[in-house]
Amino acid sequence: MKKPLLFSAFVMNTASHILHGLWRDEEGHQKDFNDVNLWVSLAQRLEEGGFDIMFFADVVGLYGDYRGDWKFHVESGLQIPSNDPLVLLSALAVNTKRIGLAFTAAPLQEPPFNFARRVSTLDHISNGRIGWNIVTSALENAFHNFGHEGLTKHDERYEWAEEYVDVLYKLWEGSWDEGALVQSRETGVHADPNKVHKINHVGKRYKVEGPHLVSPSPQRTPVLFQAGSSTAGKSFSSRNAEAVFIIAPTPDIARTVIEETRALAVQNGRDAKDIRFYQGLHFVVGKTVEEAKRKAAELDEKIDYHMMIAHSAGGLGIDFGHADLDTPIEDIETEGTKSILEWLKQSITGRKPVVGDFAELRSRSARIVGTPEMIADQLELWREAGVDGINVINATLPGSYDEFIDDILPILRERGLAKELEAVDGTLRSTLFGTDQLNERHPAAKYRGAFAETKVEQHFSG
Ligand SMILES: Cc1cc2nc3c(=O)[nH]c(=O)nc-3n(C[C@H](O)[C@H](O)[C@H](O)COP(=O)(O)O)c2cc1C
């Protein structure tokens, strides 16, 4: 029996995330991103509609300059202003019961000790529904915002992330043993001192004594997402990720990334099925194919192609602001988002890629247009390619998700491509893997019980 696909809503706490320019549309309520009610009602709608995850992208700086300046990003609203998703998640956690809540953050942003504490707190608040999308941030401005001279080299950013997660695994999995939190009013023992440990991490970038200040949350470690498919990216995800986001131009290219990463996971002592893969797709649905095509043409009219180019090329640190759209893209070297460039080259066959293709990459090449039945047929092909879930990209909020829930999901359920609506509470990891905590094959598991010190006399042994 083929497993139903999982569904994630790919959003960002800003006015313009992926399909740029739609905030100007009267249906574009993403314009109201500062209003928490927009997100609370969307989270509740997604939960009722059968989505498994609400996934917040995030960046902590501006994309590379466009037309020689950064002002373009401010004027057009290209992911600035953007609010902190981790803060918003606490509001969503108390207004929902089942939907997974994933946010994006990079090691660049804060020391691991404080990050561990905030995430564990959120996992408690949400009863274990938190996911973390581990990114290394590819934006020079982001590195300047955190006091660095410039963008750390691509592969070095993944080395940095390795140490960062290593510290976090020690705090989340090793610092508090099972049953450490006692809270016995009778004996006065709040926690068993023999079961709480300092981690004394000393590494290339971090020195962290511990113990973790938060007692174990339902998942201990949030569900670990990752979205980099370069060689270093795949190597990192094969060791650490439980779910990988991709935006491959075709099911065949997705299959290659998936099989390569699964094979690497096995080489790292994990099981090939220990990682779920989510393909980023956008849908334009119509009662007839003609209606769908008409809606797609209308959408293309509304998309701001300069913003699309500034977004994709800006992630590579390249300014195509003055280039004609049909300017061939010669061999580009980047310390930015390597796999995005790879996917661009792979999505163009029979001719050299040109600047204009950057605008297509995130708009048309990740789009499925058709009736609900045609969309189901296409999703069948992505599932065949090994994709476990779809990261649904929106054009307008909440409209794109209302349409997906009302017009597309019912057909997908009929076809076994989506699971039946079921109000089952549980952790996010149980939705993906049926267990609350990381399995023994994950590198974080080696820290369980790893810090047991010599027994200390309890003060309150009464
Ligand atoms: C679906 C998807 C979502 C992403 N979300 C973010 C994000 O929210 N913030 C970010 O800085 N990078 C994001 N990225 C970029 C990745 O983190 C990474 O930089 C990019 O995929 C290139 O990785 P690579 O250099 O290992 O190939 C995303 C990428 C994909 C495919």
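Look up a bit, the structure's there.
### Considerations on the packing of aromatic side chains
Taken as a whole and judged by the stated rule, the model has 22 aromatic pairs. With a centroid separation of 5.2 Å and an interplanar angle of 5 degrees, the aromatic rings of Phe225 and Phe245 are classed as stacked. Of this pair, Phe225 sits in strand E7 (residues 223–226) while Phe245 sits in strand E8 (residues 243–246), placing them 20 residues apart in sequence. Each member of the pair, Phe225 as well as Phe245, is classed as buried. The structure contains a cluster of three or more aromatic residues connected by ring pairs, namely Phe103, Phe115, Trp132, Tyr164, Trp172 and Tyr206.

### Observations concerning the site of the ligand
His154, Tyr158, Ala227, Ser230 and Ser339 are the nearest of the 20 residues found near the ligand. Between the ligand and the protein, one listed contact pairs an oxygen atom with a backbone N or O atom of Ser229 at 3.5 Å. The side chain of Ser230 places a nitrogen or oxygen atom 2.6 Å from an oxygen atom of the ligand. Protein chains shield 93% of the accessible area of the ligand, which is 620 Å² for the free molecule. The site holding the ligand turns out to be the largest cavity.

### As for empty space enclosed by the protein
Applying the stated rule across the entire model yields 7 cavities of 30 Å³ or more. In this structure, the largest cavity occupies an estimated 770 Å³ of space. Around the largest cavity sit 44 residues that line it, and Val135, Ala227, Thr337, Ile340 and Arg362 are the ones nearest its centre. Looking at the lining of the largest cavity, the elements that each hand over two or more residues are strand E1 (6–12), strand E2 (53–57), strand E3 (100–105), strand E4 (130–134), helix H6 (154–174), E8, helix H10 (305–314) and helix H11 (338–347). It is H11 that contributes the most residues to the lining of the largest cavity, 4 residues altogether. Across the lining of the largest cavity, the residue classes break down as 21 nonpolar, 19 polar and 4 charged. In this structure, the second largest cavity occupies an estimated 90 Å³ of space. Among the residues making up the lining of the second largest cavity, the classes are represented as 8 nonpolar, 5 polar and no charged.

### What to know about the pattern of salt bridges
Across all of its chains, the model carries 26 salt bridges by this definition. Salt-bridge contacts for Asp388 lead to Lys273; the nearest nitrogen and oxygen are separated by 3.7 Å. Taken together, the positions of Asp388 in the loop between helix H13 (372–384) and strand E11 (389–393) and Lys273 in the loop between helix H8 (251–267) and strand E9 (276–285) put the pair 115 residues apart, joining distant regions of the chain. Accessibility expressed as a relative area gives 13% for Asp388, which makes it buried. Classification of Lys273 by relative accessible area gives partly exposed; the value is 48%. Connected through shared salt-bridge partners, Arg45, Asp402 and Asp406 make up one network.

### Structural notes on the nonpolar core
A general tendency of soluble globular proteins is for nonpolar side chains to be buried together. Judged by nonpolar contacts, the single largest core of 137 residues is most densely connected at Trp39, Phe51, Met54 and Trp132. With 10 residues, the single largest contributor to this core is H6. With near-sequence residues (within four places) excluded, Trp132 lies in contact with Phe103, Ala105, Phe115, Tyr164, Val165, Leu168, Trp172, Pro222, Val223, Leu224 and Phe225.

### Concerning unusual backbone geometry
Of note, the amide linkage connecting Ile80 to Pro81 takes the cis form, showing an omega dihedral of -5 degrees. As for its position among the elements, Pro81 is in the loop between helix H2 (71–76) and helix H3 (85–94). For Asn200, which is not a glycine, the phi torsion comes out positive at approximately 45 degrees. Its place among the elements puts Asn200 in the loop between H6 and strand E5 (201–202).

### Here's the deal with H3
Three or more residues of H3 are buried, namely Pro85, Leu86, Leu88, Leu89, Leu92 and Ala93. Looking straight down H3, one finds that the buried residues subtend no more than 150 degrees of arc, so they occupy a single side. Every exposed residue of H3 that faces more than 90 degrees away from the buried side is listed here: Val87 and Val94. On the buried face of H3, the contacting elements are helix H1 (36–49), E2, E3, helix H4 (112–125) and E4. Looking at where H3 begins, the residue whose side-chain oxygen comes 2.8 Å from the main-chain nitrogen of Leu86 is Asp84.

Conventions used here
Residues numbered from 1 in each chain as written. Predicted model: local features only at pLDDT ≥ 70, side-chain atom pairs only at ≥ 80, totals over all residues. Heavy atoms only, no water. Phe/Tyr/Trp six-rings, centres within 6.5 Å; stacked < 30°, edge-to-face > 60°. Helix = DSSP H or I, 4+ residues; strand = E, 2+ residues; numbered from the N terminus. Buried < 20%, exposed > 50% of the residue type's maximum accessible area, 1.4 Å probe, protein only. Near = heavy atom within 4 Å. Polar contact = N/O pair within 3.5 Å; in protein donor to acceptor, adjacent residues only side chain to side chain. Areas by Shrake-Rupley, 256 points an atom, 1.4 Å probe, with all protein chains shown as cover. 1 Å grid on protein atoms, 1.4 Å probe; cavity = no way out; pocket = protein on both sides within 12 Å on 5 of 7 lines; lining within 4 Å. Sits in = over half its atoms within 2 Å of the grid points. Points joined across faces, edges and corners; volume = space filled by probe spheres on them. Nonpolar A, V, L, I, M, F, W, Y, C, P; charged D, E, K, R; others polar. Salt bridge = Lys/Arg side-chain N within 4 Å of Asp/Glu carboxyl O. Core = buried A, V, L, I, M, F, W, Y, C linked by side-chain atoms within 4.5 Å. Contact = heavy atoms within 4.5 Å. Arc of directions from axis to C-beta.

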